Amino acid sequence: MSDAHIPEKPALEGLETKWDEAWKAQGTYLFDRIRAAAAGRDGVYSVDTPPPTASGSLHIGHVFSYTHTDVKVRFERMRGKTVFYPMGWDDNGLPTERRVQNYYGVRCDPSLPYDADFTPPFQGDAKSLKPADQVPISRRNFIELCEALTLEDEKHFEDLFRQLGLSVDWTQTYRTISDDTIRTSQRAFLRNIERGEAYQSLAPTLWDIDFRSAIAQAELEDREQQASFHKVAFHKTDGSGDIVIETTRPELLAACVALVANPDDERYQPYFGSTVRTPVFDVEVPVLAHHLAQQDKGTGIAMICTFGDVTDIVWWRELDLPNRTILGMDGRVLPDAPEVITSEAGKAAYAELAGKTVFSAKKRMVELLEESGELLEVSKPFSHPVKFYEKGDRPLEIVSTRQWYVRNGARDAALRDKLLALGKGMNWHPDFMRVRYENWVGGLTGDWLVSRQRFFGVPIPVWYGLDENGERDYDRVLTPVLESLPVDPTTDVPPGYTEEQRGVPGGFEGEKDIFDTWATSSLTPQLAGGWDRDPELWSLVAPFDVRPQGQDIIRTWLFSTMLRSALEDDRAPWTDAAISGFIVDPDRKKMSKSKGNVVTPADILSQHGSDAVRYWAASSRLGTDAAFDPQNPTQIKIGRRLAIKVLNAAKFVLSFPVPEGAEVTHALDASMLAALHGVVREATKAYENYDHARALELTESFFWTFCDDYLELVKERAYNQTDVGQASAALALRQALSALLRLLAPVLSFATEETWSWFNEGSVHTAAWPVAQDEEWGDPAVLSVVGEALIGVRRAKTEAKVSQKAPVARAVIAGPEASLALIRLAEGDLKAVGRIADIEYADADTLAVTAIELAPQED
C-alpha cells in the first residue's frame with residue numbers, strides 16, 4: 001500500500017471497532033474447512049475453548065485467561081495452521097437459575113400451569129428480595145426467562161470479547177442448552193448406561209438447601225465457620241455409668257446410630273461390642289471401632305449420625321449401619337421421628353424439633369439436654385472448616401436421595417490408573433499443574449454425581465416403569481432410541497407407551513432431574529467438534545490440540561472431560577493443557593464475586609485500549625497469579641505506551657523510501673538484522689512451548705533497542721538520499737518493521753494490524769510468521785556496542801548541561817580493542833547522531849565515553 005494510507009496523527013482510539021468490522025467482513029478468522037481437509041489433522045490447530053457461564057458479566061479474570069489462549073492461537077495461525085477456535089456459552093446450571101431469580105424476582109414451582117401472558121415483576125433489580133417474596137411461576141415460564149436472559153448476556157459477552165480482539169471464529173459457537181447440545185449430552189449418557197458406566201443409587205447426598213439440589217464432590221469448598229463442642233453423656237446399657245462424647249452438632253442426636261472410637265484406643269477397647277443409650281431420646285446404639293476415629297480429638301470417641309459430615313457417610317457405609325436421616329431437603333427437621341424412638345419422652349422431645357431449621361433445632365436441642373442434665377459442658381466458640389457448595393451461601397447438609405452417577409475411578413482401580421496414565425501422556429503448561437490433576441484422581445472418594453434437582457438444564461433421558469401400585473420400579477429404566485433425541489421425559493413418551501399411561505399404575509413416569517452442568521460441559525470437545533453430527537469435522541479437530549482453563553477447575557472441568565473421553569474414545573481429549581493463574585487484588589487475595597473484589601473489564605478496555613490490556617495479560621506466564629490494581633494498572637499503562645510507540649515508530653520508518661534494488665550493505669544494519677533474527681528464533685521457541693510471556697519479553701526488549709538505539713543511529717543516513725548507505729538503512733528498517741509487527745501481532749493485535757495495513761495487503765494475522773535466517777547477517781554485537789557508545793555520548797552532554805543537538809568537536813571513547821573495532825564499523829552513524837566532528841579511541845577494560853569537547857558556539 002502507498003504511504004497515503006498513513007494517518008497524520010496515528011492513534012489507538014477507534015482501532016477496535018475499525019478492525020473488528022474489517023475482520024468480520026473479510027472472514028479473517030473463519031475456519032477454512034476445505035484447507036483443513038486438504039492439509040489433514042496435522043495441519044489443524046484446534047482449541048477446546050472454555051465456555052463462560054452466561055449469567056451476569058465477565059470479569060477481568062476472563063480477559064486474562066482468554067488472552068493467553070488468543071496469543072497462542074494467533075501464533076499458530078501465522079505459522080500456517082488452519083485454526084479451529086470456537087466459542088461456547090455455558091447457559092444452564094445453578095448460577096443461571098440464581099441470576100434469573102435475582103433479576104426477575106421469580107422462583108420456579110413445577111406444580112403451576114404455564115402462563116403464556118406472564119410478565120416478570122422486575123427487570124434486573126430483584127436481588128434484595130427474600131426467596132419467600134419471589135413470584136412462583138411454572139417450570140416452562142421459568143425456563144423461558146432463563147433462555148431470554150442468557151441470550152442477552154451472551155450478546156454482551158461476545159461484544160466484549162470482540163473488543164478484546166479474540167480471534168474466535170464466531171460462526172463456530174454452541175450453547176449448552178441448545179437442541180444439538182442436548183442431543184449430544186443425552187447420547188453420551190445413554191452410551192454410559194449401555195456400557196454400565198452410569199447407574200443410579202439411593203445414598204447419602206451432599207445437599208444445598210437453598211438451591212434444593214445435590215452437589216458433587218468437585219463442587220465443594222471449605223469455609224471457616226464458628227462452632228462449639230458440646231460435651232454430652234451417653235448412658236451405658238448395663239447401668240455402670242456414662243460414656244462422654246463431644247459434638248458440634250447436637251441437633252442430630254435423634255439421628256445417632258452408633259458411637260465409634262479408634263481400635264487402638266485402650267480407653268474404649270473394653271466397650272467395643274457393647275451398647276449405650278442416647279441422651280434425651282433413649283435409643284440403644286452400639287459402640288464400635290474404626291481407624292478413622294481420632295484418639296486426640298475431643299474425648300476420643302464420637303457419635304455417628306446419619307448424617308453430620310462426610311466421615312459419617314464412610315462410617316455408615318463401612319460399618320453397615322442403619323439410616324436414620326432426620327433432615328429434609330429444605331434443611332428442616334422431618335416431621336416424623338425415626339421408628340427407634342419409642343419412649344413418650346423421646347417422641348415429645350423430637351416433636352419440639354420437627355419443622356425447625358438446623359439453627360433453631362440446635363438451640364432447642366441444647367436446651368433439652370440442659371433440662372435433662374445430660375449436657376455436661378459447652379466449649380468456647382472456635383473456627384473450623386465446613387463444606388459449602390462453591391456457589392452457595394449456607395453449609396451443606398447430607399440427606400438420603402436417589403441420584404444418577406457415572407463411574408470415575410473412585411472405586412475402580414483400572415479406570416483410575418487409566419486416567420492417571422492419560423494425564424501423564426499429556427503436555428501440561430506449566431508442568432506442575434499435572435500434580436493437581438493426579439492428586440484429585442487419587443483422592444476421589446465416590447463416583448461422579450451427575451443429577452441435579454433443578455429446572456434449566458439438559459434433561460436426563462430416562463423414564464421409569466410403574467408397578468401395579470403406581471410406584472416407580474427402579475429396575476425398569478426406560479430409554480429412548482437415539483434417533484428420537486433430544487427428549488424431555490416430562491413431556492415426551494418412552495417407546496411403546498402413550499401419553500395416557502403417564503403416572504398411572506402399569507404405565508411410566510418421566511425423570512424430572514436434569515444433568516449437572518459439568519455433565520454437559522465435560523463434552524465441550526464433542527459439542528464444538530461435531531462428534532455425533534459431523535464425523536468429518538470430528539476427524540479434523542479431535543483430539544484437540546489444547547485445553548486452556550483456570551487452575552481452580554482442574555478437578556471439575558478438566559477431570560470430567562478427561563473421564564468422558566477415556567470412557568468414550570479411550571484417549572485424552574487434547575495433547576496439551578494450558579493452565580492460567582488467578583487474578584489477585586493488591587492485597588494478593590484472589591478476585592471472586594463472593595469476595596466482592598471483582599473488576600469488570602469494560603471500563604478498563606475503553607479507558608486504556610484493548611492492546612494495553614492484552615499486553616498486561618500476556619506479560620504473565622501460565623500458572624502464575626497476577627496482581628491487578630484498577631486504581632494504578634501499571635502494566636496496562638506500559639502496554640499502552642508500547643502500542644502507541646508501534647504506531648509512531650512505523651510511521652517514522654515508512655517515511656524513508658526504499659530504492660529499487662536496495663541491499664543491506666552497512667555493518668550496523670546487518671548487525672541489527674542479525675540480532676532481530678536471534679529474537680525471532682528464541683521467541684518462536686517460547687511460543688511453541690506456550691511461554692507467551694517470554695516471547696513478549698524478548699520482542700519488546702528488542703523493539704525498544706530498535707527504536708531508542710538503531711533508529712536514532714541510522715535516521716540521518718536514512719534521510720540523506722545522497723548517502724551511499726541510505727538504501728541499506730531504509731531496507732533494513734523496512735525489513736525489521738515487518739518482522740517486529742508480526743512478532744508483536746499476537747499481543748498487540750490492533751496496533752499491529754493498523755500499521756501493517758499502511759504498507760501491506762491483507763492482514764498481519766494471516767501473514768507468515770517471521771523465520772530466522774541461517775545466513776550470516778553480521779555481528780549482532782555491533783548494534784549493542786554502538787548503542788552503548790551513543791548512550792555514553794548522551795550522558796556526557798547531559799552532564800555538560802547542553803542540548804543533545806549541541807555539536808561536539810571531539811569525543812574520546814575508551815574500551816577494549818574488540819569493542820572499539822565494532823564502533824569503527826558504524827562510526828559515521830555515531831558521529832551523525834551525536835553531532836560529533838571527530839572521535840578518538842583509547843584502550844581501557846570497559847567501554848565508556850571518557851570526554852567530549854564541545855564545538856565553539858557561533859555568536
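See the structure above.
Quick notes on the rules
- Residues numbered from 1 in each chain as written.
- Predicted model: local features only at pLDDT ≥ 70, side-chain atom pairs only at ≥ 80, totals over all residues.
- Heavy atoms only, no water.
- Helix = DSSP H or I, 4+ residues; strand = E, 2+ residues; numbered from the N terminus.
- Buried < 20%, exposed > 50% of the residue type's maximum accessible area, 1.4 Å probe, protein only.
- Contact = heavy atoms within 4.5 Å.
- Areas by Shrake-Rupley, 256 points an atom, 1.4 Å probe, with all protein chains shown as cover.
- Pairing = 2+ DSSP bridges.
- Axes fitted to C-alpha atoms, helices over the stretch in contact; angles between N-to-C directions.
- Lys, Arg positive; Asp, Glu negative; His and termini not counted.
- Salt bridge = Lys/Arg side-chain N within 4 Å of Asp/Glu carboxyl O.
- Polar contact = N/O pair within 3.5 Å; in protein donor to acceptor, adjacent residues only side chain to side chain.

1. Remarks on the overall build of the protein
- Scanning the protein for helices and strands turns up 25 helices and 32 strands.
- Structurally, the protein occupies a C-alpha span of about 115 × 65 × 55 Å along its principal axes.
- The proportion of buried residues among the 859 residues of the protein is 54%.
- Long-range pairs, those at least 24 residues apart, make up 77% of the contacts in the protein with a sequence separation of at least 6.
- Accessible surface computed for the protein: about 36500 Å², of which carbon and sulfur atoms make up 49%.

2. A short note on the sheet that holds strand β26 (residues 544-550)
- Strand order in the open sheet formed by 3 strands is β19-β27-β26, and the pairing between neighbours is parallel. The open sheet terminates on both sides in strands that have one partner only, identified here as β19 (427-429) and β26. Across the sheet, the mean angle separating the axes of adjacent strands is 20 degrees when strand polarity is ignored.
- Bridge count between β26 and strand β27 (residues 574-580): 6 bridges; the pairing is parallel. From the neighbouring strand, glutamine 549 faces β27, where its bridge partner is isoleucine 579.
- Its contacts with the sheet place helix α15 (residues 554-569) against β19, β26 and β27, and it is angled at close to 160 degrees to β26.

3. A few points about the sheet that holds strand β24 (residues 508-510)
- With antiparallel pairing, 3 strands are arranged side by side in an open sheet as β23-β22-β24. Across the chains shown, the open sheet's two edge strands, defined by having one partner strand only, are β23 (472-478) and β24. Taking each pair of neighbouring strands and ignoring which way they run, the sheet shows an average axis angle of 40 degrees.
- Of the pairings in the sheet, the one linking strand β22 (residues 463-466) to β24 comprises 3 bridges and is antiparallel in character. Bridged to tyrosine 464 within β24 is glutamate 509.

4. Section: the side chain of lysine 236
- With respect to the helices and strands, the residue lysine 236 is situated in strand β10 (residues 230-236).
- It turns out lysine 236 is buried and unbridged, and the closest side chain with the opposite charge, aspartate 238, is 6.2 Å from it.
- A polar contact is formed between the side chain of lysine 236 and the side chain of tyrosine 271, at a distance of 2.9 Å.
- If near-sequence neighbours (up to four positions away) are discounted, lysine 236 is found in contact with Gly241, Asp242, Ile243, Tyr271, Thr275 and Val276.

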